[in-house]
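# A look at the structure
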Amino acid sequence: MTPSRTPMQQVQASLARRRRKQITLQVLGIGAISAAILMLGLLLTTLTLSGRHALTQTHLTVQVFIDPAEIRADRLPRGGFDDVVTAAIAALIPGADLSNREGRREVSAISSNGAQFLLRDLVVANPALIGQTIALRFPVSDPYDQLFKGLIDRATPEANRRLNDAQIARFDALVAAGAVSTPLNWGLLFNADSRFPELAGLRGALMGSFWALLTCFVIAFPLGIGAAIWLEEFAPRNRISDLIEVNINNLAAVPSVVFGLLALAVFIGWFGLPRSAPFVGGLTLALMTLPTIIIATRAALKAVPPSIREAALGLGASRQQVVFGHVLPLAMPGILTGTIIGLAQALGETAPLLLIGMNAFLTSAATSPFDASTALPTQIFLWADSPERGFVSRTSAAILVLLTFLIVMNALAIALRKRFERKW
Amino acid sequence: MTALAFGILLLATIVAYALNRHAASRLRARGQPLHSLVGHHAGFAALLVLVPVLVLILLWLGLQGPVISRLLMGGLPQGVLDGLDTGAVQLIEAEITSIAGGRIFGTPEDWKLAAAARLVDLRLMSGQMLLLAVSLLALALIALARHKVAPEFRARQSFESIVTGLMVFASIVAVFTTVGIVASLVFEAGRFFAIVPIHEFLFGLNWEPQIPIRADQIAAEGAFGWVPVLVGTLVITVVALVVSVPIGLMSAIYLNEFAAPRARAIIKPVLEILAGVPTVVYGFFAVLTVAPALRSAGAALGMDVSPNTALAAGGVMAIMLIPFISSFADDALSAVPRALRDGALALGATRAETMLNVLFPAALPGIVGGVLLAVSRAIGETMIVVMAAGLMAKLTLNPLDSVTTVTVQIVTLLIGDTSFDNPKTLAAFALGLMLFLVTLVINVFALRIVRKYREAYD
């Protein structure tokens, strides 16, 4: 640096470098944000792309002759329902051979395993159908569902394909006969779980999550509000209330799997509560949601200006009358917002529910919080683990259902905040 | 029976409320000056009935199961349980319970049928006794509450002290939860350390928890050294942090200093969405997209990438941590007093220089606290690693290899049927205790840094 340069010149000389540095920092920042948003986009795109296949389900509509020789009214609910369905399908396939076992199996494999039970339930409900011909619509089995949705590439060599040429030809005959349709897959929401992807649905999981969240709300909401009011409005500032406060903050950061261990050892091991029950799940989730609700409630109570309290006290209200009559109602929107966000977190929580056994395979939905059940996130985990190809798109679709619930809950919380938020 | 008991509880509460309300208003109508409001008299009566009866019902429901089971098993004929271990005894009890529920498989022995009949009787008796006890207690409390109504009775004070008691109870539940966590972990881990020496657990280099269940089964001996599991956890945590800390900090810096307010108002909630996605979704994303992508990328480079690499699990975990780190860093940067920022700018520093040389160092303690909380999250995160990381414990630092973590082991050891008397199950509690202790230390430390720093500038 030559002494002849003035300070102004020195600054001028370094200015370009300093500006470059600023631009680099900005570019890095934009890059980081773009990367994060790109990840979110990638996540949602792959899930939607994979999940959209499960939004429809390939169905077959055939004219079934309910053969009195196979199905007799006096032997219901037993009967050869599978043979009747197979015969109905074979009627649409030219050259189908039902004389040997191999041929029968090939044809019946097109229909879902649930088709015969669908027909059985119809006939049991109305035995007069025996001897008649009715139109029956039922799901096709998973490989054919994948074929019709274009997920099985016909160009791959036969040996590497899940369906051989003869099977594809048979199915094409059904398509040509106009028997194949792809209606919306309502079974995804209203069926219980099944080993067969084309029949599996989320009803059990939805009921389980409903009971667990209800239990969680009934326990955590009053306890959380009570604790928050006491800590914020009444508790003397001493070692004990300090301890409780530190404790709540730490509890909010304890790994969720540890709550699962607590539930397993205490609720199931020591108290003997039933395994896999949404009630136990809800109890565990309540303990996890409690800190969230307490922290949100305290923030909401703090936001109510002291003038409200002082005015009420000045008019002769007792401290509890002040809190329950004036402060709490004013803080309620904030409390509800926090509670909904806490419940949304609880809805997505998986690990503690796995430990208390809410990942059982169950083909019926829980009718009370004490029945064994799965929950939405554990069902996703179960399906993600299933080897059948059809479960990949079902898992994505189940995730989309879960995300929809979370979006609705969070939107509700935001709307509540917008609608009732008061600036003092 | 239980529903009926709750029905009685509800009815009794309403009756007590109405009775006292009526009595108090009659007193007032006669012109007597009451000490408390009518509503306080009524509320006092309702709470006086509600709380003790509810406690009675809950206690009864909690205790009747074990008591009935003990009575049932104690009343079995001599000798049928001789030489059976706990598992077999539980199986017999389950069979009797299912017979009592009307689900009979095969032809059970006569003594099982008799026991089932007795179980039905015992349950019925317990239900009837509960109803009787609830009714008697409720009646007594209603009478007591009604008896208390008098002009000089301080109903407000009594009512408020019950409410205070309830609030204190609610506050203590959080403490009970912590005590419950510590007690259950320490107790079960203690039973584990009675079987496996603690030094073997802490310093052992092998983790093979698959032990023979029956004596004649061929299986590995079982080794319970947690070092490889811990190393695996650390590898995944480091991967997650290496990815998420730069991205999180850079986004926070940009949002805090450079972004226009409108852009900030959009970007911040979008980043926050990442934090709201359930972890099981991230786990599936890792299995469905990230792991295959890494595998084919590795194949293209001629490297052998295992299907459940630490890189995939850690990378996806990083996505989850980005909003966590960026919002902590943003808060810390915003908490730096305006005077520092204005001073630096007034001296001619560019905004980047202000940020890097003034704001960032001033906010560093808060940022470190946030990163530490992210570390504790990464260590305790379960679903992503359960789905995307491996099961076999391998002592390696290579992020392309398959490693396992503490949380994965806890979940895999406890999924399925568990009984509380084999080391495999108890090992999960020992791991849980370690996990709890490690995260607790990090959390306490981090929360202290965050809070102390905030106070320094306020």
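Since we're looking at a predicted model, the values are computed, not measured.

## Digging into the overall build of chain B
Across its full length, chain B holds 15 helices and two strands. In summary, chain B has a C-alpha radius of gyration of 31 Å against a globular reference of 23 Å for 458 residues, an excess of more than 25%. When the accessible surface of chain B is summed, it comes to about 22,000 Å², and 67% of that surface belongs to carbon and sulfur atoms. Between the averaged position of the 29 positive side-chain charges in chain B and that of its 27 negative side-chain charges there is a distance of 16 Å.

## Notes on the overall build of chain A
Tallying secondary structure elements over chain A gives 16 helices and three strands in all. Across its three principal directions, the C-alpha atoms of chain A cover 95 × 80 × 40 Å. Across the 424 residues that make up chain A, the buried fraction comes to 50%. Nonlocal contacts in chain A, meaning residues at least 24 apart in sequence, comprise 74% of its contacts between residues at least 6 apart. Total accessible area on chain A stands at roughly 19,900 Å², and carbon and sulfur atoms take up 62% of it.

## Things to note about the domain arrangement of chain B
How large an interface is tends to be reported as the accessible area lost when its parts come together. Partitioning chain B into domains gives domain 1 (2–179) and domain 2 (223–457). With centres defined by C-alpha atoms, the gap from domain 1 of chain B to domain 2 of chain B works out at 46 Å.

## Things to note about the pairing of strand β1 (residues 59–65) of chain A
All names here are of chain A. Both β1 and strand β2 (residues 133–139) contribute to a ladder of seven bridges, which runs antiparallel. Residue His 59 lies in a different strand from β2, and its bridge partner there is Pro 139. Pairing of β1 with strand β3 (residues 180–181), which is carried by two bridges, proceeds in the antiparallel orientation. Its bridge partner being in β3, His 59 is matched across the sheet by Ser 181.

## Let's talk about the packing of helix α1 (residues 7–51) of chain A against helix α16 (residues 390–420) of chain A
Residues and elements named next belong to chain A. At a minimum axis separation of 7 Å, α1 and α16 run at an interaxial angle of 120°. Here α16 runs oblique to α1, going by the angle between their axes. Judged by the twist between their axes, the crossing of α1 over α16 is left-handed. Contacts between α1 and α16 involve Leu 44, Leu 47, Thr 48, Ser 50 and Gly 51 on the former and, on the latter, Val 392, Ser 393, Ser 396, Ala 397, Ile 399, Leu 400 and Leu 403. Taken together, the residues of the contact of α1 with α16 break down into seven nonpolar, five polar and no charged.

## Details of the packing of aromatic side chains
We describe a pair of aromatic rings using the distance from one ring centre to the other and the angle between the two ring planes. For the coordinates displayed, the defined rule picks out 17 aromatic pairs over all chains. Ring geometry for A:Trp270 versus B:Phe187: centroids 5.7 Å apart, planes at 80°, classification edge-to-face. In this pair, A:Trp270 is assigned in helix α10 (residues 256–270) and B:Phe187 in helix α5 (residues 155–195), connecting two distinct chains. We classify A:Trp270 as partly exposed; its relative accessible area is 40%. Ring centres 4.8 Å apart and planes at 35° place the aromatic pair A:Phe279 and A:Phe370 in the tilted group. With A:Phe279 in helix α11 (residues 278–303) and A:Phe370 in the loop between α14 (351–355) and α15 (376–385), the pair connects residues that are 91 residues apart, well separated along the chain. Among the aromatic residues, those joined into a cluster by ring pairs are B:Phe192, B:Phe193, B:Phe201, B:Trp207, B:Phe224 and B:Trp226.

## Some points on the interface of chain A and chain B
If you look at the interface, chain A gives 71 residues, while chain B gives 81 residues. Counting each side, the surface lost to burial between chain A and chain B is near 6,300 Å², with a carbon and sulfur contribution of 78%. At the surface where chain A touches chain B, the tally comes to one salt bridge. Where A:Arg18 meets B:Glu353, a salt bridge forms, and the shortest distance between an N and an O atom there is 2.8 Å. Linking chain A to chain B there are nine residue pairs in polar contact (both at pLDDT 80 or more). In terms of residue count, α1(A) provides more of the side of chain A that touches chain B than any other element does, 20 residues in total.

## What about the sheet that holds β1(A)?
Residue and element names in this part refer to chain A. Strand order in the open sheet made by the three strands is β2-β1-β3, with antiparallel pairing throughout. Edge strands, defined here as strands with exactly one partner in the open sheet, are β2 and β3. Its contacts with the sheet place helix α2 (residues 81–90) against β1 and β2, and it is angled at close to 105° to β1.

## Some thoughts on the pattern of salt bridges
Residues and elements named next belong to chain A. Scanning the model with the defined rule gives 21 salt bridges over all chains in all. With its nearest N and O atoms 2.8 Å apart, the salt bridge here joins Arg 170 to Glu 106. Separated by 64 residues along the polypeptide, Arg 170 in helix α6 (residues 165–176) and Glu 106 in helix α3 (residues 101–108) bring together distant segments of the chain. Neither residue differs from the other here; Arg 170 and Glu 106 are each classed as buried. Across the pair Asp 172 and Arg 154 runs a salt bridge, and its minimum N-O distance is 2.9 Å. Of this pair, Asp 172 sits in helix α6 while Arg 154 is found in the loop between α5 (142–148) and α6, placing the two residues 18 residues apart along the sequence. In this structure Asp 172 comes out as partly exposed when scored by relative accessible area, which is 30%. Looking at Arg 154, the relative accessible area reads 43%, which means it is partly exposed.

## Concerning a nonpolar patch on the surface
A contiguous nonpolar patch, built from B:Val55, B:Leu59, B:Leu63, B:Val67 and B:Leu71 and spanning about 460 Å² of accessible area, is present on the exposed surface. Mapped onto the secondary structure, B:Leu59 falls in helix α2 (residues 38–74).

## Some remarks on the nonpolar core
Within soluble globular proteins, side chains that are nonpolar tend to cluster in buried spots. Judged by nonpolar contacts, the single largest core of 186 residues is most densely connected at B:Ile181, B:Phe192, B:Phe201, B:Tyr282 and B:Ile410. Inspection of this core shows a minimum of three residues originating in each of domain 1 (2–179) and domain 2 (223–457) of chain B. If sequence neighbours within four positions are ignored, B:Ile410 has contacts with A:Val257, A:Leu261, A:Leu355, B:Ala428, B:Leu431, B:Gly432 and B:Leu435. Counting 33 residues, the second largest nonpolar core, distinct from the first, contains A:Ile93, A:Tyr144, A:Ile168 and A:Val180.

## Examining the packing of α2(A) against helix α4 (residues 115–125) of chain A
All names here are of chain A. It is the contact of α2 with α4, at a shortest axis distance of 9 Å, that shows an interaxial angle of 110°. Between α2 and α4, the angle is such that the two are roughly perpendicular. By crossing handedness, the relation of α2 to α4 is classed as right-handed. Contacts from Phe 81, Asp 82, Val 84 and Val 85 in α2 reach Ala 115, Gln 116, Leu 119, Arg 120 and Val 123 in α4. Per-class residue counts for the contact of α2 with α4 are six nonpolar, one polar and two charged.

## Let's talk about unusual backbone geometry
Here the phi dihedral of A:Ser276 falls at roughly 65°; this positive angle occurs in a residue that is not glycine. Summarising the element assignment, A:Ser276 is placed in the loop between α10 and α11.

## Points about the environment of A:Ile341
In this structure, A:Ile341 sits in helix α13 (residues 319–348). Taking C-alpha positions, A:Ile341 is 7.2 Å from A:Met409, a pair spaced 68 residues apart along the chain.

## What to know about the environment of A:Phe234
Along the chain, the position of A:Phe234 falls in helix α8 (residues 203–234). Owing to a relative accessible area of 18%, A:Phe234 belongs among the buried residues under this scheme. Those residues in contact with A:Phe234 that lie beyond four places of it in its chain are A:Ile229, A:Arg319, A:Gln320, A:Val323 and B:Met167.

## With respect to helix α9 (residues 279–300) of chain B
A rise of 1.5 Å per residue sets the reference length of α9(B), with its 22 residues, at 32 Å; its end C-alpha atoms lie 30 Å apart and thus fit the reference within 8%. Its maximal kink placed at B:Ala286, α9(B) deviates by approximately 45°. Within α9(B), the full set of buried residues consists of B:Thr279, B:Val280, B:Val281, B:Tyr282, B:Gly283, B:Phe284, B:Phe285, B:Ala286, B:Thr289, B:Ala291 and B:Gly298. In the core, the buried residues of α9(B) are packed alongside α1, α15 and α16 of chain A together with α8 (261–276), α10 (310–334) and α13 (383–388) of chain B.

Parameters and conventions
Residues numbered from 1 in each chain as written. Chains lettered and ligands numbered in written order. Predicted model: local features only at pLDDT ≥ 70, side-chain atom pairs only at ≥ 80, totals over all residues. Heavy atoms only, no water. Helix = DSSP H or I, 4+ residues; strand = E, 2+ residues; numbered from the N terminus. Rg over C-alpha atoms; globule rule 2.2 N^0.38 Å. Areas by Shrake-Rupley, 256 points an atom, 1.4 Å probe, with all protein chains shown as cover. Lys, Arg positive; Asp, Glu negative; His and termini not counted. Charge placed at Lys NZ, Arg CZ, Asp CG, Glu CD. Buried < 20%, exposed > 50% of the residue type's maximum accessible area, 1.4 Å probe, protein only. Contact = heavy atoms within 4.5 Å. Domains from an automatic or database assignment. Pairing = 2+ DSSP bridges. Axes fitted to C-alpha atoms, helices over the stretch in contact; angles between N-to-C directions. Parallel < 35°, antiparallel > 145°, perpendicular 65-115°, else oblique. Left-handed = near helix turned anticlockwise from the far one by under 90°. Nonpolar A, V, L, I, M, F, W, Y, C, P; charged D, E, K, R; others polar. Phe/Tyr/Trp six-rings, centres within 6.5 Å; stacked < 30°, edge-to-face > 60°. Buried area = accessible area lost by both parts, 1.4 Å probe. Salt bridge = Lys/Arg side-chain N within 4 Å of Asp/Glu carboxyl O. Polar contact = N/O pair within 3.5 Å; in protein donor to acceptor, adjacent residues only side chain to side chain. Patch = residues over 30% accessible without salt bridge, like charges linked within 9 Å, V, L, I, M, F, W, Y side chains within 5 Å. Core = buried A, V, L, I, M, F, W, Y, C linked by side-chain atoms within 4.5 Å. Expected span 1.5 Å × (residues − 1). Bend = angle between axes of the 7 residues up to and from the residue.

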